[in-house]
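Geometric and topological summary
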Amino acid sequence: MTLQQLRYITTIANIGSISEAAKRLFVSQPSLTKAIKELEKEMGITIFDRTNKGITVSKEGERFLGYARQVLEQATLLEEQYKSNTGGKKQFSVSTQHYSFAVTAFAELINRANVDSYDFSLRETQTYEIIDDVTHMKSEIGLLYYNDFNRPVLEKLIHSNELTFTELFTAHPHVFIGKHHPLATKKKISMEELEEYPYISFEQGDHNSFYFSEEIFSTVVRPKHIRVRDRASLFSLLLGLNGYTVSSGVIDEEVNGENIIAVPLAEEGIMHIGYITNNKMQRSRLGQEYIQALKDYLKTYGRHIQLATTK
């Protein structure tokens, strides 16, 4: 087994195609196929299931890939410690709920990283997938929130997958609305006042449970409810329909635009927003720098939040 073989299988798993992976890796498809078959034979497992429609990662392959990513990360740490920064292409991945500050910090990380070649991933995705990505080491860091309602379920899932949650800040819930919304001039908005307007939330796919919702007060029944997958659709509907969503109040005009504002919600509640990491994976230099970029941004622009004192 070689590091090259591990890089091959992680690239194939990320892309989902041997032919496309071969192009990305600058090797011939027969050579790549041969290397994977040799690795599977040596390890005595089937990493990829082959069908007429292509390949998928097998169940035992998912487990093997988790360890493979950890080995590659450790190899990168060794290279960073003993080789110059002009070495190979840097890799780093983050999975997150739909937070603009996560995007801004990611851009800042790239500006700070000072590397000539990199392959980074930023996945704005569903809550369960964030936990799954960090569990299987597809992402080094996952950003999400909990409150008193969903905490027991999320803590159990995080603990059972050998992950750790580190709090970044706490926030009282805010309503995100367009700046020309009929309620935009109010200092606080109540749930009762919002009842006639469409509520926009992020759908959670196969795990569309109240416990995995990105929005606090997910159990409240709204007469008008629209679910979306991406932040651009959500903000377009906020503006086009005088809709609203509920979030932390941390808003970045450069990412979200100046037409979206945050107004405190009258109902009481606390959101604990932070990041999860895998206990079996040592944090990389890029992971440390990304967390620092998050903290720096929140310290400067998080007007409505209480920063955590934990490291």
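Before reading further, recall that the structure is shown in the block above.
Residue numbers here run from 1 along each chain, matching the order of that chain's written sequence. This being a predicted model, a pLDDT of at least 70 is required before a residue's local features are given, and a value of 80 or more before pairs of side-chain atoms are given or counted; all residues contribute to the totals for chains, interfaces and linings. Each side-chain value is worked out from all heavy atoms of the structure, with water and hydrogens disregarded.

Digging into the overall build of the protein chain
When its secondary structure is counted, the protein chain shows eleven helices and 13 strands. Against the compact-globule benchmark of 19 Å for 311 residues, the protein chain has a radius of gyration of 21 Å, which places it among compact chains. Projected onto the principal axes, the alpha-carbon positions of the protein chain cover approximately 65 × 45 × 35 Å. Only heavy atoms enter the contact rule, under which two residues are in contact if any of them lie within 4.5 Å. At a minimum sequence separation of 6, the contacts of the protein chain that also span at least 24 residues come to 77%. Of the side-chain charges in the protein chain, 35 are positive and 39 negative, and the distance between the mean point of each set is 4 Å. Helix and strand assignments follow DSSP, with helices taken as H or I runs no shorter than four residues and strands as E runs no shorter than two, numbered in order from the N terminus. The globule rule used for comparison is 2.2 Å times the number of residues to the exponent 0.38, while the radius of gyration itself is calculated over C-alpha atoms. Under this rule, positive means Lys or Arg and negative means Asp or Glu; His and the chain ends count for nothing. Where a charge lies is defined by one atom per residue type: Lys uses NZ, Arg uses CZ, Asp uses CG and Glu uses CD.

A short note on the nonpolar core
Core analysis: the biggest nonpolar cluster contains 43 residues, and Phe92, Phe101, Leu143, Phe169, Tyr244, Tyr290 and Leu298 have the highest contact counts within it. Where this core is concerned, the elements lending two or more residues are strand S3 (90-96), helix H5 (100-113), strand S5 (141-146), strand S6 (163-171), strand S7 (174-178), helix H8 (191-194), strand S12 (271-278) and helix H11 (285-301). If one sorts the elements of this core by residue count, H11 sits on top with seven residues. If near-sequence neighbours (up to four positions away) are discounted, leucine 298 is found in contact with Phe101, Leu168, Phe169, Val250, Ile305 and Leu307. Residues belong to one nonpolar core when they are buried, are Ala, Val, Leu, Ile, Met, Phe, Trp, Tyr or Cys, and are joined through side-chain atoms within 4.5 Å. In this scheme, a residue with accessible area under 20% of its type's maximum is buried, one over 50% is exposed, and one in between is partly exposed, where area comes from a 1.4 Å probe on protein chains only. One finds Ile9, Ile47, Phe64 and Leu72 within the second-largest nonpolar core, a separate group that totals 19 residues.

Thoughts on the packing of aromatic side chains
In this analysis, rings of Phe, Tyr and Trp, with Trp reduced to its six-membered ring, are considered paired at centre separations within 6.5 Å, and the interplanar angle assigns stacked below 30 degrees, edge-to-face beyond 60, and tilted for intermediate values. For the coordinates displayed, the defined rule picks out twelve aromatic pairs. A centroid spacing of 6.2 Å and a plane angle of 75° characterise the contact between phenylalanine 106 and phenylalanine 120, whose relative ring orientation is edge-to-face. Pair noted here: phenylalanine 106 is in helix H5 and phenylalanine 120 is in strand S4 (residues 118-124), with a separation of 14 residues, a long-range link. Overall, phenylalanine 120 belongs to the buried group, its relative accessible area being 14%. Ring plane angle 65° and centroid distance 5.0 Å describe the contact between tyrosine 146 and phenylalanine 165, whose orientation is recorded as edge-to-face. Of this pair, tyrosine 146 sits in strand S5 while phenylalanine 165 sits in strand S6, and the two are 19 residues apart along the sequence. Assessed through its relative accessible area of 10%, tyrosine 146 is described here as buried. Taken together, the ring pairs in this structure connect Phe92, Phe106, Tyr118, Phe120 and Tyr290 into an aromatic cluster.

Structural notes on a nonpolar patch on the surface
A grouping of Phe149, Phe210 and Tyr211 is seen on the molecular surface, where their side chains present a nonpolar patch of about 290 Å² in accessible area. One can find phenylalanine 210 in the loop between strand S8 (199-202) and strand S9 (225-228). Exposure above 30% relative accessible area and the lack of any salt bridge qualify a residue for a patch; like charges then connect within 9 Å, and the nonpolar side chains Val, Leu, Ile, Met, Phe, Trp and Tyr within 5 Å. In short, Shrake-Rupley with a 1.4 Å probe defines the accessible areas, and a residue's cover is counted only from the protein chains shown. In what follows, salt bridge is the name for a side-chain nitrogen of Lys or Arg lying within 4 Å of a carboxyl oxygen of Asp or Glu.

Topic: empty space enclosed by the protein
To find the voids left in a structure, one rolls a probe of water-molecule size over its atoms. The distinction between a cavity and a pocket rests on a 1 Å grid over the protein atoms alone: a 1.4 Å probe fits inside a cavity but cannot get out, while a pocket stays open yet meets protein on both sides within 12 Å along at least five of seven lines, and a residue with an atom within 4 Å of a point counts as lining. Grid points are joined across faces, edges and corners, and a volume is the space filled by probe spheres set on the points. A complete count under the given rule lists two cavities of 30 Å³ or more for this structure. Considered as a void within the structure, the largest cavity measures approximately 180 Å³ in volume. Three residue categories are used. Nonpolar comprises Ala, Val, Leu, Ile, Met, Phe, Trp, Tyr, Cys and Pro, charged comprises Asp, Glu, Lys and Arg, and polar comprises the others, including Gly. The residue inventory of the lining of the largest cavity, partitioned by class, reads eight nonpolar, six polar and three charged.

Comments concerning the pairing of strand S2 (residues 54-57)
The pairing of strand S1 (residues 48-51) with S2 spans four bridges and is classified as antiparallel. Across the sheet, phenylalanine 48 pairs through a bridge with valine 57, a residue of S2. Only when DSSP finds a minimum of two bridges between them are two strands counted as paired. Following S1, the chain reverses through two residues before pairing antiparallel with S2.

Describing unusual backbone geometry
Positive phi outside glycine occurs at methionine 137, with the angle close to 60°. Counting through the fold element by element, methionine 137 comes out in the loop between helix H6 (127-135) and S5. The class for methionine 137 is buried, based on a relative accessible area of 4%. A positive phi angle is found at glutamate 162, which is not glycine, with a value near 60°. Position of glutamate 162 among the secondary structure elements: in the loop between helix H7 (151-160) and S6. According to the relative accessible area criterion, glutamate 162 is partly exposed, its value standing at 42%.

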